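Residues per chain are reported as follows:
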Amino acid sequence: MPPFKKLNIKVKPQDNSGFGASSAFNTGRFVNKDGKANIVKSGIPFFERYSIYHSLLDFPRWKFALTILGFFISINIVFASFYYTIGVDKLGGVLLGSPLQNFAEAFFFSAQTFTTVGYGRINPSGFLDSTIAAMEALTGLLSFAVVTGLFYGRFSRPRAFLKFSENMVVAPYKNATALMFRLVPYKNNQLTEAEVKITIAMTIDEEGKQVNKFYPADVEISKINSLTLSWTLVHALDERSPLYNFTLEDMQQAKVQVLIFVKAFDEAFSTTVVARSSYISDEIIYGAKFTIMYEANEEGTGTILYINRLNDIEKAELPLTVV
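On to the pairing of strand E7 (residues 209-217). The sheet contact formed by strand E6 (residues 191-206) and E7 spans nine bridges and is antiparallel. Paired with Ile198 across the bridge in E7 is Ala217. Between E6 and E7, which pair antiparallel in sequence order, lie two residues; one of them, Glu207, sits at a positive phi of approximately 55°.

Written out as structure tokens, the structure is:
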């Protein structure tokens, strides 16, 4: 790796960015594309550093569904093993057969008890199996209460529902250049008072030591009244920018990262929602601009927003001063 180029940055760095200044232990990006911090916590037991409730709320739908299904099957296997151990013949109405058939009878009796369905064909007839059935019924009631709360939390939790473009572009802007990215709401929620803040992180050679610096970056329009269509954010690469006179090579050498923080007001929930993302130097395209992703409908009475065009770009000629 070539020695660090002395960079003339006039913008004052932030001292309260929330990220460490030392670059010795930093690997990868500070914020992942999905908005989560790229940090793995260690030094304490597993269940102390992870909140099961928050993890289940953040799971993708398929993983959440598989977790619930896996728990349901597992808990019924456990209770079926209890019934099988004390003897399925102790259960009234059981159709005895092979060991596998007997365990299946115990499993389905467990499922009926756990869900409090109780069809009635199989029933506990002794003290021990009745005790286990009572404990299982209580476990089932508590489990369904927890799962109901999780379902409510997942469906009722306010989210911004914003998609960010995969890349940033360096495009012509007012006889100069600007760094641009765009975002779009992809659900039918109504967002107002949307505000964006951008922080540019880079590694700087400071007295022979590499340190992380974080700089606030101005945008052309940082706040809008209503976020309805796509929103292209523009950061002019002028004298006020920490990336002024940076080439793509300079950005890669300084390990530039652009951290995006968005907040808006969701009218349906009457609360503020947030979204985060980030871009690294490898995700910055020079000499390109975004294409329009909406148009009027055929009748001219409304607007069609094409979400699938979020990442569409086209080539753009930059001023000769940009390398």
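Compared with the 44 Å implied by 1.5 Å per residue over 30 residues, the 43 Å span of helix H5 (residues 127-156) between its first and last C-alpha is a close match. Taken residue by residue, H5 has Asp129, Ile132, Ala133, Glu136, Gly140, Ser143, Val147, Leu150, Gly153 and Arg154 as its buried positions. Buried residues belonging to H5 abut helix H2 (52-58), helix H3 (61-86), strand E1 (91-92), helix H4 (99-114) and strand E2 (123-124).

The contact between H3 and H5 brings their axes to 11 Å, and the two run at 175°. As the angle between them shows, H3 and H5 are arranged roughly antiparallel. From H3, Arg61, Phe64, Ile68, Phe71, Asn76, Phe79, Phe82, Tyr83 and Ile86 reach across to H5, where they touch Leu128, Asp129, Ile132, Ala133, Glu136, Thr139, Ser143, Val147, Leu150, Phe151 and Arg154. Here the contact of H3 with H5 is composed, by residue class, of 13 nonpolar, three polar and four charged.

Moving on, we come to the environment of Ile285. Note on placement: Ile285 falls in strand E12 (residues 284-286). As a C-alpha pair, Ile285 and Asn167 span 118 residues in sequence and 6.9 Å in three-dimensional space. In this structure Ile285 touches Asn167, Met168, Val169, Val170 and Ile313, once residues within four positions along its chain are discounted.

Once that is clear, we can look at the layout of surface pockets. Looking at the largest pocket, its volume works out to about 1,200 Å³. The element contributing the most residues to the lining of the largest pocket is strand E11 (residues 271-280), with four residues. In terms of residue class, the lining of the largest pocket is made up of 16 nonpolar, three polar and 12 charged. Space inside the second largest pocket adds up to approximately 560 Å³. Class assignment for the residues of the lining of the second largest pocket results in six nonpolar, four polar and four charged.

Aromatic ring pairs are reported here in terms of the distance separating the ring centres and the angle at which the planes meet. In the structure shown here, the tally under the stated rule is 11 aromatic pairs. Look at Phe64 and Phe151: their rings are 5.2 Å apart centre to centre, the planes differ by 85°, and that puts the pair in the edge-to-face class. One end of the pair, Phe64, is in helix H3; the other, Phe151, is in helix H5, and 87 residues separate them in sequence. Members of the aromatic cluster, each reached through a chain of ring pairs, are Phe71, Phe72, Phe114 and Phe144. Sitting above the plane of the Tyr186 ring, Lys163 keeps its charged end 4.6 Å from the centroid.

This part takes up the nonpolar core. Ranked by size, the top nonpolar core spans 37 residues in total, and within it Phe181 and Leu183 carry the most contacts. Of all the elements, E6 adds the most residues to this core, at seven residues. If we skip the residues at most four places from it in the chain, Leu183 touches Leu162, Lys163, Phe164, Val196, Leu227, Ser230, Trp231, Leu233, Val262 and Leu310.

Taken together, the side chains of Arg61, Arg159, Lys163 and Lys187 make up a positively charged region of the molecular surface. Summarising the element assignment, Arg159 is placed in the loop between H5 and strand E3 (162-164).

Attention shifts here to the pattern of salt bridges. Considering all chains together, one arrives at eight salt bridges under this definition. Here Asp238 makes a salt bridge to Arg240, at a shortest N to O gap of 3.1 Å. Residue Arg240 is classed as exposed on the basis of its relative accessible area, which comes to 59%. Several salt bridges converge on common partners, so that one network encompasses Arg29, Lys33 and Glu283.

In this section: a nonpolar patch on the surface. A contiguous nonpolar surface patch, about 600 Å² in accessible area, is contributed by Val40, Phe46, Phe47, Tyr50 and Ile52. Here Val40 lies in the segment before helix H1 (46-49).

It is the contact of H3 with H4, at a shortest axis distance of 8 Å, that shows an interaxial angle of 120°. Regarding the angle of H3 to H4, the classification is oblique. Of the two possible hands of crossing, H3 and H4 adopt the one that is right-handed. Residues Phe71, Phe72, Ile73, Ile75, Asn76, Ile77, Phe79, Ala80, Ser81, Tyr83 and Tyr84 of H3 touch H4, and the partners they reach there are Pro99, Asn102, Phe103, Ala106, Phe107, Phe109, Ser110, Ala111, Thr113 and Phe114. Class assignment of the residues belonging to the contact of H3 with H4 gives a composition of 16 nonpolar, five polar and no charged.

Cut-off values and rules
Residues numbered from 1 in each chain as written. Predicted model: local features only at pLDDT ≥ 70, side-chain atom pairs only at ≥ 80, totals over all residues. Heavy atoms only, no water. Pairing = 2+ DSSP bridges. Helix = DSSP H or I, 4+ residues; strand = E, 2+ residues; numbered from the N terminus. Expected span 1.5 Å × (residues − 1). Buried < 20%, exposed > 50% of the residue type's maximum accessible area, 1.4 Å probe, protein only. Contact = heavy atoms within 4.5 Å. Axes fitted to C-alpha atoms, helices over the stretch in contact; angles between N-to-C directions. Parallel < 35°, antiparallel > 145°, perpendicular 65-115°, else oblique. Nonpolar A, V, L, I, M, F, W, Y, C, P; charged D, E, K, R; others polar. 1 Å grid on protein atoms, 1.4 Å probe; cavity = no way out; pocket = protein on both sides within 12 Å on 5 of 7 lines; lining within 4 Å. Points joined across faces, edges and corners; volume = space filled by probe spheres on them. Phe/Tyr/Trp six-rings, centres within 6.5 Å; stacked < 30°, edge-to-face > 60°. Lys NZ or Arg CZ within 6 Å of the ring centre and 35° of its normal. Core = buried A, V, L, I, M, F, W, Y, C linked by side-chain atoms within 4.5 Å. Patch = residues over 30% accessible without salt bridge, like charges linked within 9 Å, V, L, I, M, F, W, Y side chains within 5 Å. Areas by Shrake-Rupley, 256 points an atom, 1.4 Å probe, with all protein chains shown as cover. Salt bridge = Lys/Arg side-chain N within 4 Å of Asp/Glu carboxyl O. Lys, Arg positive; Asp, Glu negative; His and termini not counted. Charge placed at Lys NZ, Arg CZ, Asp CG, Glu CD. Left-handed = near helix turned anticlockwise from the far one by under 90°.

By themselves, these are just geometric observations and shouldn't be taken as functional.
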